[in-house]
Amino acid sequence: MKIKALGLEEIRSVDWNVEKECIQLIDQRLIPFDFKINDYNTTIDVCKAIQTMVVRGAPAIGATAAYGIVVALKEVENYEVSDKKSKLDEKLKQLLATRPTAVDLVNFALETYQTAIKTNFSIEETLLKAELLANEMVKDCTQIGIYGEELINDGDTVLTHCNAGPMATIDKGTALAPIFRANEKGKNVKVLVDETRPRLQGAKITAWELEQEGIDHYIISDSAASFLMSKRQVDKVILGADRCLKDGTVSNKIGTLSLAVNAKYFGIPFYSAFPWTTLDKESKSMEEFEIEYRNEDEIKYITSAKEKILVANLNSKALNPAFDITPAELITGYITPDGILSKEDLMKK
Ligand code: MRU
């Protein structure tokens, strides 16, 4: 991604630093107030970075977990061969337990782990695998942009939710990729950005990413979306996914379900954009997964770079589900690296 404000032409939200032999993550908690890249070289710290949302967004979490296996391998490098596997297994388990929704985490971590086992714990080979997966993800997002752009007409207003841009996906984005491409091709596109309570990934990260690309956008409160739809001020809704089942059911950031219901009511096309690592080919139902409930402080306090301000009645409890589940009947189509697919197409994958 380009970060115009800092004069950076090519940077990924998740990367491996060859000289320092560590993972580098753009600290997403600080965007848009500050820009900082942190180094990670222990499994414990990688896990903490995922849990505290230094890195967030399903594909970015996945890539972090893949590089996390390399970090784990380096930690067990000097163990007796007989102990290596069990120690590595422990670290894999820790990585997998960091967040429950994003299936990319499982897909990336397991693939990299299998390479580690097959190559007899070769750090070089495992790193090559992690890099290959990261590069494939960026290519997938590029393809999503190419196919998704065709859905956007000159003059369209697109509504998006949370953050499914370059920060969430290593580079390029999923939901934002078609918008970036439409803008590059000279289409006039306006974006309505749901602020996305409670953590405000829309107001903070998506808005900042759109600004880097010079795309016209307005941040809206989450509750304004249905009103704007009713006034025909939204042409399309495009958002990402954290897990999509083969029957087309999508788990995504809380608020997605109500957007989908509203879009259906007002006859507005609703698309979910995701790479193949977000497709869960094994599971039959979302009931198999725990919905992540996050700390109530995310609701009761608003945070900026340095401040955390109480904005609710201190002694009230708060309920904070972070994801919801949208059935396929509310989804017009799936923007994937292979094109715009229907739920029947997904079934064949
Ligand atoms: O809790 P987060 O910020 O990791 O949530 C993930 C998301 O940003 C969204 O659900 C997104 O639409 C899917 S990830 C590209």
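Residues numbered from 1 in each chain as written. Predicted model: local features only at pLDDT ≥ 70, side-chain atom pairs only at ≥ 80, totals over all residues. Heavy atoms only, no water.

## Observations concerning the sheet that holds strand 15 (residues 333-336)
Thought 1: On the basis of which strands lie adjacent, the open sheet formed by seven strands has the order 6-5-4-7-10-15-16 and mixed pairing. Lying at the two open borders of the sheet, with one neighbouring strand each, are strand 6 (217-220) and strand 16 (339-341). Direction aside, neighbouring strands of the sheet carry axes that sit 25° apart on average.
Thought 2: The sheet contact formed by strand 4 (residues 157-160) and strand 5 (residues 190-194) spans four bridges and is parallel. By the bridge assignment, Leu159 is partnered in strand 5 with Leu192.
Thought 3: Helix 8 (residues 201-212) rests against strand 4, strand 5 and strand 6 of the sheet, and its axis sits at about 160° to strand 5. (Pairing = 2+ DSSP bridges. Helix = DSSP H or I, 4+ residues; strand = E, 2+ residues; numbered from the N terminus. Axes fitted to C-alpha atoms, helices over the stretch in contact; angles between N-to-C directions. Contact = heavy atoms within 4.5 Å.)

## A closer look at the site of the ligand
Thought 1: Around the ligand, the structure places 18 residues, and the nearest of them are Arg56, Arg99, Asp242, Asn252 and Lys253.
Thought 2: Protein contacts shield 100% of the accessible area of the ligand, which totals 400 Å² for the unbound molecule.
Thought 3: Placement of the ligand is best described as lying within the largest cavity.
Thought 4: Put simply, the parts of the chain that give the shell around the ligand at least two residues each are helix 2 (58-76) and strand 9 (250-253).
Thought 5: Its residues placed into classes, the shell around the ligand shows eight nonpolar, six polar and four charged. (Near = heavy atom within 4 Å. Areas by Shrake-Rupley, 256 points an atom, 1.4 Å probe, with all protein chains shown as cover. 1 Å grid on protein atoms, 1.4 Å probe; cavity = no way out; pocket = protein on both sides within 12 Å on 5 of 7 lines; lining within 4 Å. Sits in = over half its atoms within 2 Å of the grid points. Nonpolar A, V, L, I, M, F, W, Y, C, P; charged D, E, K, R; others polar.)

## Quick word on the packing of aromatic side chains
Thought 1: Summed over the entire model, instances satisfying the criterion amount to four aromatic pairs.
Thought 2: Here the aromatic rings of Phe274 and Trp276 are separated by 6.4 Å at their centres, their planes lie at 80°, and the arrangement is edge-to-face.
Thought 3: Taking relative accessible area as the criterion, Trp276 reaches 21% and is therefore assigned partly exposed.
Thought 4: Seen from their ring centres, Phe274 and Tyr334 are 6.1 Å apart, and the 65° between their planes marks the pair as edge-to-face. Of this pair, Phe274 sits in the loop between strand 10 (270-273) and strand 11 (279-280) while Tyr334 sits in strand 15, and the two are 60 residues apart along the sequence.
Thought 5: Assessed through its relative accessible area of 0%, Phe274 is described here as buried.
Thought 6: The ring centre of Phe289 lies 3.6 Å from the NZ or CZ of Arg243, which sits over that ring.
Thought 7: One residue, Lys253, lies across the ring of Phe323, its end atom 4.2 Å from the ring centre. (Phe/Tyr/Trp six-rings, centres within 6.5 Å; stacked < 30°, edge-to-face > 60°. Buried < 20%, exposed > 50% of the residue type's maximum accessible area, 1.4 Å probe, protein only. Lys NZ or Arg CZ within 6 Å of the ring centre and 35° of its normal.)

## Some words on the pattern of salt bridges
Thought 1: Applying the stated rule across the entire model yields 19 salt bridges.
Thought 2: Across the salt bridge formed by Arg294 and Glu292, the nearest N and O atoms sit 2.6 Å from each other. By the burial criterion, Arg294 is buried, and Glu292 matches it.
Thought 3: Between Asp345 and Lys348 there is a salt bridge, and its shortest N-O distance comes to 4.0 Å.
Thought 4: Judged by relative accessible area, which is 26%, Asp345 ranks as partly exposed.
Thought 5: Linked by salt bridges that have partners in common, Arg99, Arg199, Glu292, Arg294 and Glu298 make up one network. (Salt bridge = Lys/Arg side-chain N within 4 Å of Asp/Glu carboxyl O.)

## Considering the side chain of Glu292
Thought 1: In this structure, Glu292 sits in the loop between strand 11 and helix 11 (297-300).
Thought 2: A distance of 3.0 Å separates the side chain of Glu292 from the side chain of Arg99, its partner in a polar contact.
Thought 3: Dropping the residues within four chain positions of it, Glu292 is found in contact with Arg99, Pro100, Thr101, Asn320, Pro321, Ala322 and Phe323. (Polar contact = N/O pair within 3.5 Å; in protein donor to acceptor, adjacent residues only side chain to side chain.)

## Focus on empty space enclosed by the protein
It is a probe the size of a water molecule, rolled over the atoms, that shows where empty space is left.
Thought 1: Under the defined criterion, the tally for this structure stands at three cavities of 30 Å³ or more.
Thought 2: A volume near 220 Å³ is recorded for the largest cavity.
Thought 3: In this structure, the largest cavity is lined by 27 residues; those nearest its centre are Arg56, Gly57, Ala58, Asn163 and Asp242.
Thought 4: For the lining of the largest cavity, the secondary structure elements donating two or more residues are helix 2, helix 6 (166-169) and strand 9.
Thought 5: With three residues, the top contributor of residues to the lining of the largest cavity is helix 2.
Thought 6: Looking at the lining of the largest cavity, its residues break down into 12 nonpolar, 10 polar and five charged. (Points joined across faces, edges and corners; volume = space filled by probe spheres on them.)

## Observations regarding the layout of surface pockets
Thought 1: Reported here for the largest pocket is a volume of approximately 440 Å³.
Thought 2: Lining the largest pocket are 23 residues, and of these Arg29, Thr52, Arg199, Lys204 and Thr303 sit closest to its centre.
Thought 3: Residues belonging to the lining of the largest pocket are distributed by class as follows: nine nonpolar, six polar and eight charged.
Thought 4: Both of domain 1 (4-139) and domain 2 (152-347) provide at least three residues apiece to the lining of the largest pocket.
Thought 5: Here the second largest pocket defines a volume of roughly 350 Å³.
Thought 6: When residues of the lining of the second largest pocket are traced back to their parent elements, those giving at least two are helix 5 (123-149), helix 7 (176-184) and helix 8.
Thought 7: Per element, the largest residue contribution to the lining of the second largest pocket is four residues, and it comes from helix 7.
Thought 8: For the lining of the second largest pocket, the residue count by class is six nonpolar, three polar and nine charged. (Domains from an automatic or database assignment.)

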